[in-house]
Amino acid sequence: QAQLVESGGGLVQAGGSLRPSCATSGGTFRNYAMAWFRQVPGKEREFVAGINSIGGSTYYGDSVKGRFTISRDNAKSTVYLHMNSLKPEDTAVYYCAAKRVVVVTTALRYDYWGQGTQVTVSS
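Below: a short report on this structure. Nothing here was measured: the structure is a model prediction, and the numbers come from that model. (Residues numbered from 1 in each chain as written. Predicted model: local features only at pLDDT ≥ 70, side-chain atom pairs only at ≥ 80, totals over all residues. Heavy atoms only, no water.)

1. Overview of the side chain of Thr78
Stage number 1. Within the fold, Thr78 resides in strand β8 (residues 78–83).
Stage number 2. Side-chain polar atoms of Thr78 contact the backbone oxygen of Lys76, separated by 2.8 Å.
Stage number 3. With residues up to four places along the chain from it excluded, the contact list for Thr78 reads Ser21, Cys22, Ala23, Phe29, Ser71, Arg72 and Asp73. (Helix = DSSP H or I, 4+ residues; strand = E, 2+ residues; numbered from the N terminus. Polar contact = N/O pair within 3.5 Å; in protein donor to acceptor, adjacent residues only side chain to side chain. Contact = heavy atoms within 4.5 Å.)

2. Notes on the sheet that holds strand β3 (residues 21–25)
Stage number 1. The four strands are arranged β1-β3-β8-β7 in an open sheet whose pairing can be described as antiparallel. Each edge of the sheet is formed by a strand with only one pairing partner; in this case those strands are β1 (3–7) and β7 (68–73). Pairs of neighbouring strands in the sheet enclose a mean axial angle of 15°, with direction left out of account.
Stage number 2. Sheet topology note: the β3/β8 ladder contains three bridges and is antiparallel. Opposite Ala23, over in β8, you have Thr78 as the bridge partner. (Pairing = 2+ DSSP bridges. Axes fitted to C-alpha atoms, helices over the stretch in contact; angles between N-to-C directions.)

3. Quick word on unusual backbone geometry
Stage number 1. The residue Ser77 is not glycine, and still its phi comes out positive at about 50°.
Stage number 2. Structurally, Ser77 can be placed in the loop between β7 and β8.
Stage number 3. Of note, Ser85 is a non-glycine position whose phi angle comes to about 50°, a positive value.
Stage number 4. Tracing the sequence through the fold places Ser85 in the loop between β8 and β9 (92–100).

4. Some details on the environment of Lys99
Stage number 1. Mapped onto the secondary structure, Lys99 falls in strand β9.
Stage number 2. Ignoring anything within four residues of it in the chain, the contact list for Lys99 reads Asn31, Tyr32, Ala33, Val104, Arg109, Tyr110 and Asp111.

5. Remarks on the pattern of salt bridges
Stage number 1. Counted by the stated rule, this structure contains four salt bridges.
Stage number 2. The shortest N-O distance in the salt bridge between Lys65 and Asp62 comes to 3.2 Å.
Stage number 3. When its relative accessible area of 67% is taken as the criterion, Asp62 is described as exposed.
Stage number 4. Overlapping salt bridges bring together Arg38, Glu46, Arg67 and Asp90 as one network. (Salt bridge = Lys/Arg side-chain N within 4 Å of Asp/Glu carboxyl O. Buried < 20%, exposed > 50% of the residue type's maximum accessible area, 1.4 Å probe, protein only.)

6. So, the pairing of strand β4 (residues 32–39)
Stage number 1. Among the eight residues of β4, seven are classified as buried, and the element is accordingly described as predominantly covered.
Stage number 2. Counted between consecutive antiparallel strands, the loop separating β4 from strand β5 (residues 46–51) contains six residues, among which Gly42 sits at a positive phi close to 85°.

What is shown is where atoms sit, not what they do.
Now the structure itself:
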C-alpha cells in the first residue's frame, strides 16, 4: 500500500516556473509507473505527464508538451514535475498517482493518489 504526498505547488506569474514533487512511501517505488494529473472544478481529471517504472519512458498531455518535464528519483522515492513557461490555463489542483509498471492516461486505472497541490498562474 503506497502513500503519496505532493508538495511544491503555489502562486506564480505567467511565464514562470514551478517544480512540484511527490514523495512516496510504502510499496516498492521502482515498480510503480508515476503520473501527474490536474483538475479544475467542474471538469474531469486531465492527464499531464507520466513516467514508466522500467526504462523511464515519459509521456505528456498535448497541452503541456515542450513546457513540462517529469522525472523520478528512485533513491528518494520521489517524482517531480518541472513546469516551465506556465500559463493561466495551467491553474489547477495537481495530483500525483501511481500504478504498477506502465503509464496509462486514464485516471481510473491508477491505484494510489496523493491529496493534491494547488498551482495558480496569474496573468
